[in-house]
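# Fold and contact review
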Amino acid sequence: MPSVCPVVVLISGNGTNLQALIDAASTSSFNIVGVISNNPNAFGLNRATTSSIPTFVINHRDYPDRLSFDHALIDQIDQLNPDLVVLAGFMRILSTEFVNHYPNNILNIHPSLLPKYPGTDTHQRVLQAGDKEHGVSVHFVTEELDGGPIAAQAKIRVEPEDTAESLAEKVHSKEHVIYPQVVSLYASGQLRMNENKAWVGLNQLPETGIELG
Ligand code: GRF
């Protein structure tokens, strides 16, 4: 692996996690070589352009089905030749073919303490369940939605006055801290996925990954 790890980031929206990664990249061992959005209006594209990072739009609406969209995505990513694909608020479910094309080399960030609350509306579901803690997970991507080995988590406390909006805000600020840390760990060769488990060096991580943040 080269000393600076080339990373492609996939987004669909605001891109605050992308911004955290851009800000960290200058002092880390990774370099964002391209940003791809399925949404032509994603504000994250402006963030990338401002930092002179090449951007690409592959609009899922231009493709008849998931597989043809994923093929277009693969073609573009492969031209950028990254060692790691980072999903940062990318709102499309990826096919098995896509996941298998980048074996063990895709990370995602999810706003819950997985394995609790895969899918959407995580903050609302935490409140409904009366949970006292909540948080964010960074995990490797496998075919199972939000189900791959967890690299790291950060926790927040749920206070009685919390709403879905306040939880979203607290979780988001944790995201911006831990995603750059996890991508840096990967880029420096320490974090890996192997045999469907997450590892740091020779140590297999616990099911909930490293606690960060
Ligand atoms: C984050 O909450 C992330 O956990 C989820 O999508 C959101 C993206 O936010 N996967 P942003 O576009 O990075 O601001």
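Now for a look at the structure at hand. These figures come from a predicted structure and were not determined experimentally.

Turning to the site of the ligand, a few remarks are in order. Neighbouring the ligand are the residues Asn-14, Gly-15, Thr-16, Asn-17, Gly-89, Ile-109, Pro-111, His-172 and Glu-175. Between Gly-15 and the ligand, the recorded distance is 2.8 Å, taken from a backbone N or O atom to an oxygen atom. A total of 360 Å² of accessible area belongs to the ligand in isolation, and the protein chains cover 83% of it. Elements supplying a minimum of two residues to the shell around the ligand: helix H1 (16-25) and helix H6 (164-187). Here the residues of the shell around the ligand sort into 2 nonpolar, 6 polar and 1 charged.

This brings us to the pairing of strand E5 (residues 106-110). Most of E5 sits out of view: 5 of its 5 residues are buried. Of the two faces of E5, the one holding Ile-106, Asn-108 and His-110 and the one holding Leu-107 and Ile-109 are both buried throughout. Across 3 bridges, strand E4 (residues 84-87) lies against E5 in parallel orientation. Counterpart to Leu-87 in the pairing with E5 is Asn-108. Taken together, E4, helix H4 (residues 96-101) and E5 form a β-α-β motif whose crossover is right-handed. Pairing of E5 with strand E6 (residues 133-140) involves 4 bridges; the strand directions are antiparallel. Counterpart to Ile-109 in the pairing with E6 is Val-138.

What follows is about the packing of H1 against H6. Where H1 contacts H6, the two axes come as close as 9 Å, and the packing angle between them is 45 degrees. With respect to their mutual orientation, H1 and H6 come out oblique. The crossing of H1 and H6 is right-handed. Seen from H1, the contacting residues are Thr-16, Asn-17, Ala-20, Leu-21 and Ala-24; seen from H6, they are His-172, Glu-175, His-176, Tyr-179, Pro-180 and Val-183.

Cut-offs and rules
Position numbers for residues start from 1 in each chain and track the written sequence from start to end. For a predicted model such as this one, the threshold for reporting local features is a pLDDT of at least 70, and the threshold for listing and counting side-chain atom pairs is 80 or more; totals across whole chains, interfaces and linings nevertheless cover every residue. Processing note: side-chain calculations cover all non-hydrogen atoms of the structure and skip hydrogens and water entirely. Any residue with at least one heavy atom within 4 Å of a molecule or strand is counted as near it. Think of a polar contact as two N or O atoms within 3.5 Å of one another; within protein, one of them needs to be a possible hydrogen donor and the other a possible acceptor, and neighboring residues in sequence only count if both atoms come from side chains. Only the protein chains shown count as cover for residues, with accessible areas throughout obtained via the Shrake-Rupley method and a probe of 1.4 Å. Secondary structure elements are defined from DSSP: runs of H or I of at least 4 residues count as helices, runs of E of at least 2 residues count as strands, and each element is numbered from the N terminus. The classification used treats Ala, Val, Leu, Ile, Met, Phe, Trp, Tyr, Cys and Pro as nonpolar, Asp, Glu, Lys and Arg as charged, and all other residues, Gly among them, as polar. Residue exposure (1.4 Å probe, protein chains only): buried if accessible area is under 20% of the type maximum, exposed if over 50%, otherwise partly exposed. Only when DSSP finds a minimum of two bridges between them are two strands counted as paired. With the strands pointing away from the viewer, any crossover whose connection runs clockwise from the first strand over the helix to the second is right-handed. Here an angle of 0 to 180 degrees is reported between the N-to-C directions of two axes, which are lines fitted to C-alpha atoms, with helices fitted over the stretch in contact. Between 65 and 115 degrees an angle is taken as roughly perpendicular, under 35 as roughly parallel, over 145 as roughly antiparallel, and anywhere else as oblique. Handedness of a crossing is defined here by the sense of rotation of the near helix relative to the far one, left-handed for an anticlockwise turn of less than a right angle and right-handed for a clockwise turn. In what follows, a contact means two residues having at least one pair of non-hydrogen atoms within 4.5 Å.

Everything listed is a geometric property; what it means functionally is a separate question.
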